[in-house]
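Each chain is listed here by its residues.
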Amino acid sequence: MSSLDKKLVHSRIALPRRRLVTPLARVSLLLLALVFSTLLFFGDFSNPADSTTYAICSHGSNVYIVDALNSRTPCILVVGSFISDVGDLDSIQRRRKSTAPLEVKYIPDGAMIVPGISESHAHIMHYGLYRQIPLEVGRNISETVSFVENYIVSNPDIYNNMSKVIEGWGWDHTAWPESRFPTSADLDASPVIRGRSVMLRSKDGHGTWVSGRVLQEIRPLPHAVEGGVIVRDKKGKPIGKSLDRSLLGITLTTHVIGVFLDNAQDLLPIPEPTDEDYERRFSTTVQSALANGLTSIHDAKLDFRQLDFFKRKAAARKLPIRLYGMTNYDEGEEYWGNITKPQILSDDHRFSARSVKIVGDGSMRTGGAALYEPYTDNPNTNGFMRVSEATINRVIPLFLRDGWQVNVHAIGDRANGIVLDALESAFEDVDVAAMRPRLEHAQIMTKADTQRAGKIGVIASVQPTHVIDDMWYAEERIGPKRIKGLYAFRSLLNSGARITLGSDFPVETMNPLAGFYAAITRLSLDGRSPHGPGGWFPEQRLTRLEALRGMTIDPAYASFSESILGSLEPGKRADFVVLSQNIMTVPVSEIMNTTFLATVIDGIAVHGEI
Ligand SMILES: *[C@@H]1O[C@H](CO)[C@@H](O)[C@H](O)[C@H]1NC(C)=O
Ligand SMILES: *[C@@H]1O[C@H](CO)[C@@H](O)[C@H](O)[C@H]1NC(C)=O
Ligand SMILES: *[C@@H]1O[C@H](CO)[C@@H](O)[C@H](O)[C@H]1NC(C)=O
Ligand SMILES: *[C@@H]1O[C@H](CO)[C@@H](O)[C@H](O)[C@H]1NC(C)=O
Ligand SMILES: [Zn+2]
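Per an unreviewed UniProt entry, the protein goes by the name Amidohydrolase 3 domain-containing protein and belongs to Armillaria gallica.

Visitor: Could you give me a rundown of the side chain of S495, with the residues and numbers involved?
Guide: Its place among the elements puts S495 in helix α16 (residues 489-495). When residues no more than four places from it in sequence are discounted, the contact partners of S495 are T450, Q451, G454 and K455.

Visitor: With reference to specific residues and values, describe unusual backbone geometry.
Guide: Cis peptide bonds are those with omega within 30 degrees of zero, and the linkage from R219 to P220 qualifies with -5 degrees. Here P220 is to be found in the loop between α8 (212-217) and β12 (228-233). Cis geometry marks the peptide bond from F505 to P506, where omega comes out at 10 degrees. For F560, which is not a glycine, the phi torsion comes out positive at approximately 55 degrees. Relative to the helices and strands, F560 is located in the loop between α19 (553-558) and β21 (576-579).

Visitor: I'd like a description of the state of the cysteines, backed by residues and values.
Guide: Applying the stated criterion across every chain, the model contains 1 disulfide. The residue that forms a disulfide with C57 is C75, at a sulfur-sulfur distance of 2.1 Å. Linking C57 and C75, the disulfide has an S-S dihedral of approximately 110 degrees and is accordingly described as right-handed. Of this pair, C57 sits in strand β1 (residues 53-57) while C75 sits in strand β4 (residues 75-79); the two residues are 18 residues apart in sequence, bridging distant segments of the chain.

Visitor: Talk me through the environment of I230; I want residue IDs and the actual numbers.
Guide: Of note, I230 is situated in strand β12. The exposure class of I230 is buried, given its relative accessible area of 6%. Separated by 27 residues in the primary sequence, I230 and I257 have C-alpha atoms spaced 8.3 Å apart. With sequence-adjacent residues up to four places away left out, I230 is seen in contact with L221, P222, V225, V256, V259, F260, A264 and L267.

Visitor: Could you give an account of the site of ligand 3, naming the residues involved and the relevant values?
Guide: All residues adjacent to ligand 3 are Y335, N338, L398 and R401. For ligand 3, the accessible surface in isolation is 360 Å², of which the surrounding protein chains cover 35%. Residue composition of the shell around ligand 3, grouped by class: 2 nonpolar, 1 polar and 1 charged.

Visitor: If you had to explain the nonpolar core to someone new, which residues and values would you point to?
Guide: One broad trend across soluble globular proteins is that nonpolar side chains are buried collectively. Ranked by size, the top nonpolar core spans 105 residues in total, and within it F282, F310 and I396 carry the most contacts. When residues of this core are assigned to domains, at least three map to each of domain 1 (49-115 + 573-609) and domain 3 (354-565). Those residues in contact with F310, other than ones at most four positions away along the chain, are I124, M125, F282, L302, L319, L323 and F351. Y151, I158, W209 and V259 belong to the second largest nonpolar core, which has 20 residues in total.

Visitor: Could you give an account of the coordination of the zinc ion (ligand 5), with specific residues and numbers?
Guide: Only H121 (NE2), H123 (NE2) and D504 (OD) from the protein coordinate the zinc ion (ligand 5), and they sit 2.1 to 2.3 Å from it. Site description for the zinc ion (ligand 5): donor spacing in sequence, H-x1-H-x380-D. In this pair, H123 sits in the loop between β8 (117-122) and α4 (124-131) while D504 sits in the loop between β20 (498-501) and α17 (512-521), placing the two residues 381 residues apart along the sequence.

Visitor: Account for the packing of aromatic side chains, naming residues and giving values.
Guide: A full pass over the atoms with the stated rule returns 18 aromatic pairs. Geometrically, the ring pair formed by W176 and W209 is edge-to-face, given 6.2 Å between the ring centres and 70 degrees between the ring planes. Of this pair, W176 sits in the loop between β9 (165-171) and α7 (184-188) while W209 is found in strand β11 (residues 207-210), placing the two residues 33 residues apart along the sequence. By relative accessible area, which is 4% here, W176 ends up buried. Exposure remark for W209: the relative accessible area of 0% places this residue in the buried category.

Visitor: Go over the sheet that holds β9, please, and point to the residues and values.
Guide: What the 5 strands build is an open sheet, ordered β9-β10-β11-β13-β12; its pairing is mixed. Strands at the two margins of the open sheet, each flanked by one partner only, are β9 and β12. Going across the sheet, the axis of each strand differs from the next one's by a mean of 25 degrees, ignoring polarity. Bridge count for strand β10 (residues 197-202) against β11 is 3 bridges, and the pairing is antiparallel. Its bridge partner being in β11, R201 is matched across the sheet by T208.

Visitor: Run through helix α13 (residues 447-456), naming residues and quoting values.
Guide: It helps to recall that an α-helix has 3.6 residues per turn; residues three or four apart then point in one direction. All of the buried residues along α13 are D449, T450, R452, A453, G454 and I456. Structurally, α13 contributes buried residues whose contacts are with α12 (413-425) and α16. G457 lies just past α13 and shows a positive phi near 90 degrees.

Visitor: A description of the pairing of β21 should follow, citing residues and the corresponding values.
Guide: Two faces make up the sheet, and in a regular strand the side chains alternate between them. Judged by which residues are buried, β21 turns out to be covered on both faces: F576 and V578 on one side and V577 and L579 on the other are all buried. Sheet topology places strand β7 (residues 112-115) next to β21; 4 bridges connect them, and they run antiparallel. Across the sheet, V114 pairs through a bridge with V577, a residue of β21.

Visitor: Please provide a residue-by-residue account of the pattern of salt bridges, values included.
Guide: A complete count under the given rule lists 33 salt bridges for this structure. The salt bridge partner of R139 is E143, with a shortest N-O separation of 2.7 Å. With relative accessibility at 59%, the residue R139 sits in the exposed group. The closest approach of N and O atoms between D470 and R365, which form a salt bridge, is 3.4 Å. Pair noted here: D470 is in helix α14 (residues 464-470) and R365 is in the loop between β16 (351-359) and α11 (389-401), with a separation of 105 residues, a long-range link. Given a relative accessible area of 7%, D470 falls into the buried group. A single salt-bridge network, built from bridges that share partners, covers E272, D275, R305, D308 and R312.

Quick notes on the rules
Residues numbered from 1 in each chain as written. Chains lettered and ligands numbered in written order. Predicted model: local features only at pLDDT ≥ 70, side-chain atom pairs only at ≥ 80, totals over all residues. Heavy atoms only, no water. Helix = DSSP H or I, 4+ residues; strand = E, 2+ residues; numbered from the N terminus. Contact = heavy atoms within 4.5 Å. Disulfide = S-S within 2.5 Å. Buried < 20%, exposed > 50% of the residue type's maximum accessible area, 1.4 Å probe, protein only. Near = heavy atom within 4 Å. Areas by Shrake-Rupley, 256 points an atom, 1.4 Å probe, with all protein chains shown as cover. Nonpolar A, V, L, I, M, F, W, Y, C, P; charged D, E, K, R; others polar. Core = buried A, V, L, I, M, F, W, Y, C linked by side-chain atoms within 4.5 Å. Domains from an automatic or database assignment. Donors = N, O, S within 2.8 Å, 3.2 Å for Na, K, Ca; no water. Phe/Tyr/Trp six-rings, centres within 6.5 Å; stacked < 30°, edge-to-face > 60°. Pairing = 2+ DSSP bridges. Axes fitted to C-alpha atoms, helices over the stretch in contact; angles between N-to-C directions. Salt bridge = Lys/Arg side-chain N within 4 Å of Asp/Glu carboxyl O.

So, in structure tokens, the structure goes:
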């Protein structure tokens with residue numbers, strides 16, 4: 001319970017003790033009580049009473065407002081959930097109407113305040129699923145198994161239900177001293193786990209390690225799977241009493257050990273998540289997000305069940321972080337843009353879901369990004385669209401017409417071009433720029449399309465940490481000409497397009513400082529690049545100010561909330577982050593040493609202390 005809630009409870013208890021006798025007073029008392037109980041009921045996370053007032057100050061002008069002039073100021077005044085004034089303490093005091101003493105908080109020397117950081121492209125439920133069991137820090141097989149046990153024991157809905165499927169992500173057998181794949185027997189050796197269905201994805205996503213019960217449930221297994229491997233043990237060691245012979249492959253001397261690679265993973269029965277699963281995953285993600293300075297997340301792919309889960313949370317005022325939802329549209333689905341209504345920003349500014357996500361093509365790493373010309377390292381393919389050009393041309397104008405922001409995953413130059421064509425074809429019916437369409441990833445773009453993106457008024461939703469992963473192999477894959485249009489952030493800005501920054505977590509770290517660092521250096525975290533220590537295509541670097549705007553005010557614009565979020569201007573929500581040092585001035589090699597001292601939403605510290 002926040003101190004605010006405590007205050008409210010206190011006032012409510014105190015009221016009846018007063019000796020107020022007139023009927024009028026009794027009525028107002030009742031009304032007051034009503035107001036308080038309403039506040040209590042709805043007041044879980046938002047709308048603290050206006051009485052919470054404080055100034056928070058830095059030594060020096062280390063509060064970055066991120067207004068149009070990129071101003072800095074020593075202090076901000078917070079009243080309730082909002083920023084009410086900015087300036088030095090004296091002028092704030094002078095402008096205050098109230099004579100009540102003002103609580104003044106100071107951040108440590110050298111620390112800074114920035115607006116609440118927003119993640120523009122991430123996958124909330126995936127992150128939660130991947131991190132709920134800390135498999136990636138398991139130092140050997142038995143320690144990793146013990147993490148699974150702990151997870152089961154500490155979640156009663158799982159512990160008490162043997163049918164519940166346990167999912168996790170992140171093991172890496174190459175980091176273990178055993179130097180072998182883990183097996184079903186390793187899991188089943190634990191009395192807590194034995195008899196339960198467990199499916200654990202490897203860190204790179206290419207393998208799944210399962211318990212004996214899962215093996216039993218999916219029998220009989222095929223001998224081989226196209227594009228995948230059912231890992232078998234040639235020595236034929238027994239793998240547990242509970243398994244019968246039909247599991248042991250086609251010969252008696254090989255048997256399934258309980259690891260499925262690549263396409264063989266499709267054999268596994270992944271269950272539909274329950275509401276408890278969603279709660280757990282969401283809360284895992286939120287906990288990490290708040291600790292990483294995030295006050296808002298754009299979820300890049302909600303299905304209708306997840307959308308409904310978040311809608312219910314929003315209606316109950318139980319969202320501990322701001323959310324912007326992109327609802328997924330799959331080819332083959334009925335068009336739903338005129339049946340489902342876009343959710344415009346809620347009163348407490350915590351929730352909206354007014355965009356549709358369409359997955360245009362595959363990824364560059366796997367060769368699935370749709371290119372105009374064949375891949376340089378594989379001339380047999382141009383990649384592929386995951387949704388047909390015809391569907392894109394049909395549904396994009398419809399969604400725009402029905403009031404949806406259209407956000408399309410587009411990585412290859414052809415995918416980006418197709419989306420721009422479709423947006424242009426909607427010009428006659430809609431003010432396309434006003435709908436703020438987004439290219440999610442916008443990785444490889446021709447020069448002409450980069451120009452077009454600016455003209456159309458497109459937002460490029462980019463992930464700078466991908467740059468420093470992909471820079472090592474990308475030129476080999478797409479050649480020396482196209483490489484100039486890969487992650488060409490500066491060219492996009494010059495064309496008039498806007499940029500908004502994200503991480504695509506859990507694909508990359510959720511720490512927004514990694515994106516900030518990558519955007520301004522185009523260097524690996526240890527300071528290297530294929531073009532040397534000056535950075536990979538350094539002419540495409542963002543400035544620190546552009547990168548700071550790209551994680552605060554630009555995502556607010558990209559989610560139609562720039563009038564209330566994204567900067568520390570008076571009248572906006574009091575969302576801000578206290579960083580341990582000034583990322584705008586420290587040497588780049590020190591940026592990743594910065595810690596998040598506090599994350600504040602609606603004026604209240606939700607991580608750390610102020
Ligand atoms: C696994 O690692 C943990 C933590 O380092 C250690 O305590 C344990 O003894 C190890 N177990 C085996 C079997 O190596
Ligand atoms: C146990 O888990 C299964 C699978 O999630 C579910 O269908 C069932 O309703 C659960 N049983 C109880 C008593 O919660
Ligand atoms: C929704 O739009 C589609 C495509 O324009 C149309 O076929 C359908 O009749 C519309 N449905 C409603 C309920 O308006
Ligand atoms: C910053 O972090 C790096 C890597 O952990 C470390 O080598 C360096 O000493 C740190 N710098 C400071 C000033 O703490
Ligand atoms: Zn994504």
